[in-house]
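Here are the chains, one letter per residue:
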There are 2 protein chains.
Amino acid sequence: MRRGQQTGANSIKKNFASIYFMQLEQAQSIIAEAVQKKQLLCVVGNCFVEYWGRAASKLPKGKRMLLIKGDSSFAIHQNKNLRPTNYMMNAAISCELQGENLVLKATKRKPKESITVTFYSIEFAKAFEMEDSADIRLFGSETELSRELMQDLSFIEPGLKPAQSECPFRKGVVDILAEDVEGNLVVVEVKRRKADYKAVTQLERYMKQVEKIKGKRTRGILIAPDIQKNARELLEESGLEFAKFDFEIGNPKAKIKGIKKKQRDLKEFF
Amino acid sequence: MRRGQQTGANSIKKNFASIYFMQLEQAQSIIAEAVQKKQLLCVVGNCFVEYWGRAASKLPKGKRMLLIKGDSSFAIHQNKNLRPTNYMMNAAISCELQGENLVLKATKRKPKESITVTFYSIEFAKAFEMEDSADIRLFGSETELSRELMQDLSFIEPGLKPAQSECPFRKGVVDILAEDVEGNLVVVEVKRRKADYKAVTQLERYMKQVEKIKGKRTRGILIAPDIQKNARELLEESGLEFAKFDFEIGNPKAKIKGIKKKQRDLKEFF
DNA sequence: GCGATCAGCGGCACG
DNA sequence: CGTGCCGTTGATCGC
């Protein structure tokens, strides 16, 4: 790219900047080549979008950005929202001239769906070769917090000992399975953010399963930074327990700041 | 843009295409102006990304595309996945030269978080004025299906009638509240896709709430195109019912193809 | 602002 | 493949 060429043109002919269009034939060849080479393709133009599949949608004429990635993900972006307006993963992509328009189609079976993007004009189209072998490293996931917690469950209550973590059951995975001082089994469910009623029903379900399989009294403790009011009610109705869990995201691993356990004895419930 | 300029350069100097870089100062001014004007900004370059907030992440050096939109959404895209690797909504954005690098920062409070993108080189940076007043129109959402169903509940079972014109419960909480021929209340939960155990616990919760408030026998019917095996078991254990719900996405509204109700009498349960 | 819930959820891991 | 479930879930609507 020639330095300053674009901005130069824009500053001289500000009011006409938007009339510099690309021939659709040229765009078509850029697109076809990019898709074939699995490059990152960026197309900006005036278009109309239709989707048919799991649902159906129409996006009236307007200017959008089409982003096609090397893994055949296909996304129409408007100038708002993180998420694309229309999208498809693992799309089979075609691109052809139809009269005065350039029509891109993304299709997929299983589930069967299709996106049709009809470009009336294209302002910009460019492919980028994206050498990038790196992968993101994320810290502070729920699994990581569970593992951290496993190190010392006495934060939750004295004498609580870890038995297993991430133990797969017939259905779902129990975050932590532990044993309290009285020899009861304790199912611990960890949530990285404010727990809602779904977390409670999830824990209840696991707890009952474990109780059934192991055939001995089992408690359920939900650990989260906070819990929603109605979730709290549901939890207490179900005889489950909640423990507040403050943490700070650290590097290389999360740091547990402290745990305040709500005082609620098993005997209260039974 | 001059027609053919880009592809021309690429075809002549294929092997050197990637060495055409932009001065960071120039990129900086493009970026600053785009952010100020709420244009759609697209930057491609070699960078390193750090995130700190609800979690923490590091993305090692590599070539990515940064997309900043008019609503201050900020997204780093790799050449894979629909979703950005790093992102932020409603970001406060800064952009400054730091030594040999151009550093973009996106920050936010509530929750407090920040993304730092350190560009070592920038291959491309361009802002697009995105005149686009149109909004997507989507058909086939759960709400729409509920409304469709409301028209004629006899599809589910003969004599089933909407209980009240206006449900006394908060909108959206109970999909449909109806009354069967025997005068029982019926809570109907509609799912647009294969129902899982969460749909069952949700229905159970609503059903019990309604039963408690109204003080009369209440049934719960889950309506979905399909249901998972263990969700089915849970549902039957809870004395709830399932009705298959085939539909076709149509325009302007979804068409219900038919409903096959599983024969399961209330008396069976009570 | 928080709460609740849907989403064409996407993405990942596991069986 | 389906199944389950987390996510920096995002996005929307109601309060």
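In the block above lies the structure referred to throughout.
The model shown is predicted, which means the values in this text are computed figures rather than measured ones.

**Student:** Would you explain the relation of the copies chain B and chain A in this entry?
**Tutor:** In summary, the two copies of the chain are related to each other by a rotation about an axis coupled with a shift along it. Of the two same-sequence chains, chain B is brought onto chain A (RMSD 0.3 Å, axial shift 0.0 Å) by a rotation of 179°. Interpreted geometrically, this transformation is the action of a two-fold axis.

**Student:** I tried to follow the interface of chain B and chain A on my own but got confused; where do I start?
**Tutor:** You'll often see interface size given as the accessible area lost when the parts meet. Counting residues at the interface gives 76 residues for chain B and 77 residues for chain A. Scanning the region where chain B abuts chain A turns up 6 salt bridges. One salt bridge connects lysine 80 of chain A with aspartate 135 of chain B, and the closest N-O pair in it is separated by 2.7 Å. Put simply, chain B and chain A have 32 residue pairs in polar contact (both at pLDDT 80 or more) between them. Examining the composition of the side of chain B that touches chain A, we find that 11 residues originate from one element, strand S2 (residues 56-68) of chain B, more than from any other. Residue classes in the side of chain B that touches chain A are distributed as 31 nonpolar, 23 polar and 22 charged. The pairing of strand S2 (residues 56-68) of chain A with strand S8 (residues 137-139) of chain B spans 3 bridges and is antiparallel. Within the sheet, the bridge partner assigned to alanine 56 of chain A lies in S8 of chain B and is phenylalanine 139 of chain B.

**Student:** Mind showing me how you'd approach the pattern of salt bridges here?
**Tutor:** Side chains bearing opposite charge may pair, as long as their charged atoms lie close to each other. The full count for this structure, using the stated rule, is 33 salt bridges over all chains. Salt bridges sharing common partners tie together Glu157, Asp180, Arg219 and Glu241 of chain A.

**Student:** Please clarify how the protein's contact with DNA strand D should be interpreted in this entry.
**Tutor:** As a structural note, the neighbourhood of DNA strand D is formed by 28 residues, with Arg193 and Tyr206 of chain A together with Arg54, Gln228 and Asn230 of chain B the closest of them. Among all atoms of DNA strand D positioned within 4 Å of the protein, those belonging to sugar or phosphate total 78%. Arginine 192 of chain A places a polar side-chain atom, nitrogen or oxygen, 2.8 Å from a phosphate oxygen of DNA strand D. The side chain of asparagine 230 of chain B places a nitrogen or oxygen atom 2.6 Å from a phosphate oxygen of DNA strand D.

**Student:** Would you explain the environment of glutamate 100 of chain A in this entry?
**Tutor:** Residues and elements named next belong to chain A. Within the secondary structure, glutamate 100 sits in the loop between strand S5 (92-98) and strand S6 (101-108). Under the relative-accessibility criterion, glutamate 100 is labelled exposed at 69%. Among all residues touching glutamate 100, those that are not within four sequence positions of it are Leu24 and Tyr120.

**Student:** Would you take a moment to explain a positive patch on the surface for this structure?
**Tutor:** On the surface, a cluster of positive charge is made up of Arg193 and Lys198 of chain A together with Arg193 and Lys198 of chain B. If you trace the backbone, lysine 198 of chain B turns up in helix H4 (residues 197-214).

**Student:** It is not clear to me how the packing of aromatic side chains should be interpreted in this structure. Could you clarify?
**Tutor:** Aromatic rings considered in pairs are described by the distance between their centres and by the relative angle of their planes. Scanning the model with the defined rule gives 3 aromatic pairs over all chains in all. Relative to phenylalanine 124 of chain B, the ring of phenylalanine 124 of chain A lies with its centre 5.3 Å away and its plane at 25°, an arrangement referred to as stacked. Here phenylalanine 124 of chain B lies in strand S7 (residues 113-128) and phenylalanine 124 of chain A lies in strand S7 (residues 113-128), a pairing that spans two chains. The same class applies to phenylalanine 124 of chain A as to phenylalanine 124 of chain B, namely buried. Linked through ring pairs, Phe124 and Phe128 of chain A together with Phe124 and Phe128 of chain B together constitute an aromatic cluster. Positioned over the ring face of tyrosine 197 of chain B is arginine 205 of chain A, at 3.8 Å from the centre of the ring. A cation sits over an aromatic face here: lysine 61 of chain B above tyrosine 120 of chain B, 4.1 Å from the ring centre.

**Student:** How should I be thinking about helix H5 (residues 229-237) of chain B in this particular structure?
**Tutor:** Along an α-helix, a turn takes 3.6 residues, which lines up residues three or four apart on a common side. For H5 of chain B, the set of buried residues is Ala231, Leu234 and Leu235 of chain B. The arc that holds the buried residues of H5 of chain B, viewed along the axis, is 100°, so those residues lie on one side. Seen from the open side of H5 of chain B, the exposed residues pointing more than 90 degrees away from its buried face are Lys229 and Glu237 of chain B. Buried residues in H5 of chain B make contact with helix H4 (197-214) of chain A together with H4, strand S12 (218-224) and strand S13 (241-248) of chain B.

**Student:** In this structure, what is going on with the protein's contact with DNA strand C? I would like to understand it.
**Tutor:** Taken together, the neighbourhood of DNA strand C is formed by 26 residues, with Tyr87, Gln228 and Asn230 of chain A together with Leu82 and Tyr206 of chain B sitting nearest. A distance of 3.3 Å separates a phosphate oxygen of DNA strand C from a polar atom in the backbone of arginine 83 of chain B. Side-chain polar atom of tyrosine 206 of chain B to a phosphate oxygen of DNA strand C: 2.6 Å apart, as the coordinates give it. Residue assignment for the surface near DNA strand C shows that the elements contributing at least two residues are strand S4 (86-88) of chain A together with H4 of chain B. Within the surface near DNA strand C, the residues separate by chemical class into 9 nonpolar, 6 polar and 11 charged.

Thresholds applied
Residues numbered from 1 in each chain as written. Chains lettered and ligands numbered in written order. Predicted model: local features only at pLDDT ≥ 70, side-chain atom pairs only at ≥ 80, totals over all residues. Heavy atoms only, no water. Least-squares fit on C-alpha atoms with pLDDT ≥ 70 in both. Contact = heavy atoms within 4.5 Å. Salt bridge = Lys/Arg side-chain N within 4 Å of Asp/Glu carboxyl O. Polar contact = N/O pair within 3.5 Å; in protein donor to acceptor, adjacent residues only side chain to side chain. Helix = DSSP H or I, 4+ residues; strand = E, 2+ residues; numbered from the N terminus. Nonpolar A, V, L, I, M, F, W, Y, C, P; charged D, E, K, R; others polar. Pairing = 2+ DSSP bridges. Near = heavy atom within 4 Å. Buried < 20%, exposed > 50% of the residue type's maximum accessible area, 1.4 Å probe, protein only. Patch = residues over 30% accessible without salt bridge, like charges linked within 9 Å, V, L, I, M, F, W, Y side chains within 5 Å. Areas by Shrake-Rupley, 256 points an atom, 1.4 Å probe, with all protein chains shown as cover. Lys, Arg positive; Asp, Glu negative; His and termini not counted. Charge placed at Lys NZ, Arg CZ, Asp CG, Glu CD. Phe/Tyr/Trp six-rings, centres within 6.5 Å; stacked < 30°, edge-to-face > 60°. Lys NZ or Arg CZ within 6 Å of the ring centre and 35° of its normal. Arc of directions from axis to C-beta.

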